[in-house]
Amino acid sequence: MPPVIVGRDGPLSGQRFPIDDRPMTFGRRNDSRIVIASVRASRAHAEVRHESGRYVLYDLGSRNGTLVNGVRVTRHDLQPGDVIAIGDEVFRFEASDDVETIMDPALMREIGRQAARPVDPAQVLRVTISGGGPVGLGFALLLDHLMGDRVAVTVYDGRWMLDGDRVVWKGQEQGNIRRQQVVTVQSRQYLNLPEKVQARLFSPDAYTEMWPAGPDSIRGRSPRNLRISYIEDTLLAMAGERPGRIRLVPERFDPAEHQEAAARDHVLAICEGGRSRTREHFAAKFGTADTSIYSLDGHHLRDVVLGLRVKSELPDPMTVLLTVAQNRFLLNALRGEGFLNMRLTDAEAEEVIGIDPVRHVFEECVASSPCLMDRTEHGEFRCSTHSTLFLPALVKGSKLWARVMEGLRFFGVPEENLSAVTAFRLDMVQRPRFTAQLYPPTSATPGTYGFLLGDAANAIHFWPGRGLNSGLGSAISLARTLSQSWQGRPFRDADFIRHEAAMSMLQYRHKSRAWKAMVTTDGHGVTRAIKDEIAQGIEEAAASPDPGAAKDADLDVLMDRLRQIRDRLATRIPGMPDDARLRGHLRGMKAETLRTLLISGAWDTLVMGGEEVDIDIFYRQDPPDVLVSRTPVAVADVAGEGQQLTKVIRREQVT
């Protein structure tokens, strides 16, 4: 059977277009063999030709480009499973017999001889990853997908342990509090992950799409909510299935202890999170972070967020509307279960404390570690690590706990559906660079480059999944850079120009947006922290001479805001609540609560919207001054690990 182009996403999804010796043309012209209606497609956009036993995709100078596996190309030798994106259509190249349809016999015999030879160890890129969370594991799987046996990856994480011959995540009984938060992963990021990873992550019961497609969305795909522990489990299991390519070490990476090993590697990727010890060990290499850009009146702005593990009984359309309408609470959930994040004032943050019931001493473990305090059968919230109890829940007159109960009512959470409490201390800094040579090359070592990825590079404010999205973006960028730049010789600073540019753009876009989620501008044009606005709202409600009238006035204004947001979202989120449902729900809230919701302001959609960082623009096919040799190179898996079959020789290397 001949190979085929199969529509995967878009209006042509499911249709099959067999390829023969004639060019397979794509475009808006009616005489194209595959007619694409999208205005983002050119009239004559691209074509596939049968050349010397290969099937080659050519972009015909289109305005918006042709992508293969997320990378813009002008020419590409198609391999089974390649994903082609043109306009709003996504296709997959399929062949019934990879050997017969993709290669001619002479080329296959040569590739077979090459594949039988092991890769020269000197040509293998050696990568160490410190931190095996979603970013570190995602980076490892991306490298494995892009480079195959040209890369050897070792990942360290002290939160893992051995279970027989498998590496798994430690549980609470081993002192590791698993993260149960739900994060929103944008299509711009997950569509750049290997298809095998996407297939495993997005099993039917594992995710929901409660948020509409927005500025971060591409190819018509919506953002998807997943539980972060599920992402961690899935990626760790997949990495464990690649023992010849990815080595998992269940211990914390110690830069001093592992210095000799790190100096023998080409790459050290630091993915440990915002409190990375490895990053601090190499602080002199990466430079000092600047706090002034995220400061007010000379003080570095920090937020404290109370994380409440809950199950809401409200439908997703209503929780989305309530979340977007204010900046005091944020609920991100998977079928109602997730974390309700509550932004605290400075006075409230001082109440976030635990008490040891035996020693009768106060502990700040819930705020400083932070620890997760699970609800006991007696209704208390207890930290299993430090044996402390959450003090505000024990004090009958606690104003903080009364406001927590109001937050639960706001999102339709019965008190018994609050199952745990934690806290996060959040701030941001400006990092001068994300790439540094940690060890120079010697006669025995290649010279090690270090990279900051994920929260080690950009610790982002708590809005849903923002840190994970920028982290995945950084991993995608570095994986592409390494796969394209590795030539079996020591790296140079110039090899990472595109990656450093991508990281700077990610820092600017995500942190500028996150900063606007922390501050607002008052009626006099003065920038103020939103937490201070909330504190002012509490004071105003307490000083009101007529609380009932003030409540009614605030309710009317809040209803106007909700209507405007509902009208904007209704076409993208069906099932929005009507006025009667909203007013009836809000009327049960206290006057102080309504005042704080109103004064905190709605999400700034002008800031949230707009152009996003498109990593693909940095990794388009090389310009015309690149010479291509047809000499085959060694590959480990002829059938489709995505290995290149030609050797690229750059003019700068020739000369």
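The present account deals with the structure reproduced in this document. (Residues numbered from 1 in each chain as written. Predicted model: local features only at pLDDT ≥ 70, side-chain atom pairs only at ≥ 80, totals over all residues. Heavy atoms only, no water.)

## Quick notes on the overall build of the chain
Right, on to step 1. Within the chain, the secondary structure is distributed over 21 helices and 36 strands.
Right, on to step 2. Out of the 655 residues in the chain, the part that is buried amounts to 55%.
Right, on to step 3. Put simply, 69% of the contacts in the chain that link residues at least 6 apart link residues at least 24 apart.
Right, on to step 4. A total accessible area of about 28500 Å² is found for the chain, and carbon and sulfur atoms account for 51% of it. (Helix = DSSP H or I, 4+ residues; strand = E, 2+ residues; numbered from the N terminus. Buried < 20%, exposed > 50% of the residue type's maximum accessible area, 1.4 Å probe, protein only. Contact = heavy atoms within 4.5 Å. Areas by Shrake-Rupley, 256 points an atom, 1.4 Å probe, with all protein chains shown as cover.)

## Re empty space enclosed by the protein
Right, on to step 1. Counting across every chain of the model gives 4 cavities of 30 Å³ or more.
Right, on to step 2. In this model, the largest cavity occupies a volume close to 100 Å³.
Right, on to step 3. In terms of lining, the largest cavity is formed by 14 residues, of which the most central are L193, L201, I231, L235 and L472.
Right, on to step 4. Among the elements of the structure, helix 3 (134–147), helix 5 (195–201), helix 6 (228–240) and helix 14 (466–485) are those that each provide at least two residues to the lining of the largest cavity.
Right, on to step 5. Counting residues per element, the lining of the largest cavity draws most heavily on helix 3, at 4 residues.
Right, on to step 6. Partitioning the lining of the largest cavity into residue classes produces 13 nonpolar, 1 polar and no charged. (1 Å grid on protein atoms, 1.4 Å probe; cavity = no way out; pocket = protein on both sides within 12 Å on 5 of 7 lines; lining within 4 Å. Points joined across faces, edges and corners; volume = space filled by probe spheres on them. Nonpolar A, V, L, I, M, F, W, Y, C, P; charged D, E, K, R; others polar.)

## Regarding the packing of aromatic side chains
Right, on to step 1. Per the stated rule, a full pass over the model turns up 17 aromatic pairs.
Right, on to step 2. Taking the centre distance of 5.8 Å and the plane angle of 15° together, the rings of W211 and W603 count as stacked. Separated by 392 residues along the polypeptide, W211 in the loop between helix 5 and strand 17 (224–227) and W603 in the loop between helix 19 (591–600) and helix 20 (605–608) bring together distant segments of the chain.
Right, on to step 3. W211 gets classed as buried once you look at its relative accessible area, which sits at 8%.
Right, on to step 4. Taking the relative accessible area as the measure of exposure, W603 reaches 17% and is therefore buried.
Right, on to step 5. Here W486 and F491 contribute two aromatic rings whose centre-to-centre distance is 5.4 Å and whose plane-to-plane angle is 55°, an arrangement assigned as tilted. For the residue pair W486 and F491, the accessibility class agrees, reading buried in each case.
Right, on to step 6. Members of the aromatic cluster, connected to one another through ring pairs, are Y449, F451, W486, F491 and F496.
Right, on to step 7. Here the basic side chain of R49 rests over the ring of Y58, its NZ or CZ set 4.2 Å away from the ring centre.
Right, on to step 8. The lysine or arginine in question, R224, covers the ring of F202, its NZ or CZ lying 4.6 Å from the ring centre. (Phe/Tyr/Trp six-rings, centres within 6.5 Å; stacked < 30°, edge-to-face > 60°. Lys NZ or Arg CZ within 6 Å of the ring centre and 35° of its normal.)

## Here we look at the packing of helix 10 (residues 316–324) against helix 17 (residues 547–569)
Right, on to step 1. One can describe the packing of helix 10 onto helix 17 by two numbers: an axis separation of 10 Å at closest approach and a directional angle of 125°. Comparing the axis directions of helix 10 and helix 17 gives the class oblique. Read as a crossing pair, helix 10 and helix 17 show a hand that is right-handed. Listed contacts from helix 17 to V320, L321, L322 and V324 of helix 10 are L562, I565, R566, R568 and L569.
Right, on to step 2. Tallied by class, the residues present in the contact of helix 10 with helix 17 amount to 7 nonpolar, no polar and 2 charged. (Axes fitted to C-alpha atoms, helices over the stretch in contact; angles between N-to-C directions. Parallel < 35°, antiparallel > 145°, perpendicular 65-115°, else oblique. Left-handed = near helix turned anticlockwise from the far one by under 90°.)

## Looking at unusual backbone geometry
Right, on to step 1. The phi dihedral of R335 is positive, around 55°, even though this residue is not glycine.
Right, on to step 2. Among the structural elements, R335 can be located in the loop between strand 23 (329–334) and strand 24 (337–343).
Right, on to step 3. Residue R335 is classed as partly exposed on the basis of its relative accessible area of 42%.
Right, on to step 4. With a phi close to 55°, H360 is a non-glycine residue in the positive phi region.
Right, on to step 5. Looking at the secondary structure, you find H360 in the loop between strand 25 (354–356) and strand 26 (361–363).

## Quick look at the sheet that holds strand 6 (residues 54–59)
Right, on to step 1. Strand order in the open sheet formed by 5 strands is 4-3-5-6-9, with mixed pairing between adjacent strands. In the strand order of this sheet, the two ends are held by strand 4 (34–35) and strand 9 (75–77), each with one partner.
Right, on to step 2. Pairing between strand 6 and strand 9: 3 bridges, direction antiparallel. Looking at the pairing, V56 lines up with D77 of strand 9. (Pairing = 2+ DSSP bridges.)

## A short note on the sheet that holds strand 19 (residues 267–270)
Right, on to step 1. Pairing is mixed across the open sheet formed by 6 strands, whose spatial order is 18-13-12-19-32-31. Looking along the sheet, the strands with just one partner apiece sit at the ends: strand 18 (246–249) and strand 31 (435–439). Going from strand to strand, the sheet's axes swing by 20° on average, the running direction of each strand aside.
Right, on to step 2. Note: strand 12 (residues 125–130) against strand 13 (residues 151–156), 6 bridges, orientation parallel. Its bridge partner lying in strand 13, T128 is registered against T154.

## Some points on helix 15 (residues 497–516)
Right, on to step 1. Compared with the 28 Å implied by 1.5 Å per residue over 20 residues, the 29 Å span of helix 15 between its first and last C-alpha is a close match.
Right, on to step 2. Within helix 15, burial applies to H499, E500, A502, M503, L506, Q507, R509, H510, K511, R513, A514 and W515. (Expected span 1.5 Å × (residues − 1).)

## Examining the side chain of T445
Right, on to step 1. Relative to the helices and strands, T445 resides in the loop between strand 31 and strand 32 (448–452).
Right, on to step 2. Reaching out from T445, the side chain makes a polar contact with the side chain of T442 at a distance of 2.6 Å. (Polar contact = N/O pair within 3.5 Å; in protein donor to acceptor, adjacent residues only side chain to side chain.)

## What to know about the environment of P370
Right, on to step 1. Secondary-structure assignment places P370 in the loop between helix 12 (365–368) and strand 27 (373–375).
Right, on to step 2. Along the chain, P370 and I177 lie 193 residues apart, while their C-alpha atoms are 9.7 Å from each other.
Right, on to step 3. Excluding residues that lie within four positions of it along the chain, P370 makes contacts with R275, C365, T422 and A423.

## Considerations on the pairing of strand 13
Right, on to step 1. When you tally the buried positions in strand 13, you get 5 out of 6 residues, the bulk of the element.
Right, on to step 2. Remark: the strand 12/helix 3/strand 13 crossover connection has right-handed handedness.
Right, on to step 3. One ladder, built from 4 bridges, connects strand 13 with strand 18; its direction is parallel. By the bridge assignment, V155 is partnered in strand 18 with L248. (Right-handed = clockwise from strand over helix to strand, strands pointing away.)

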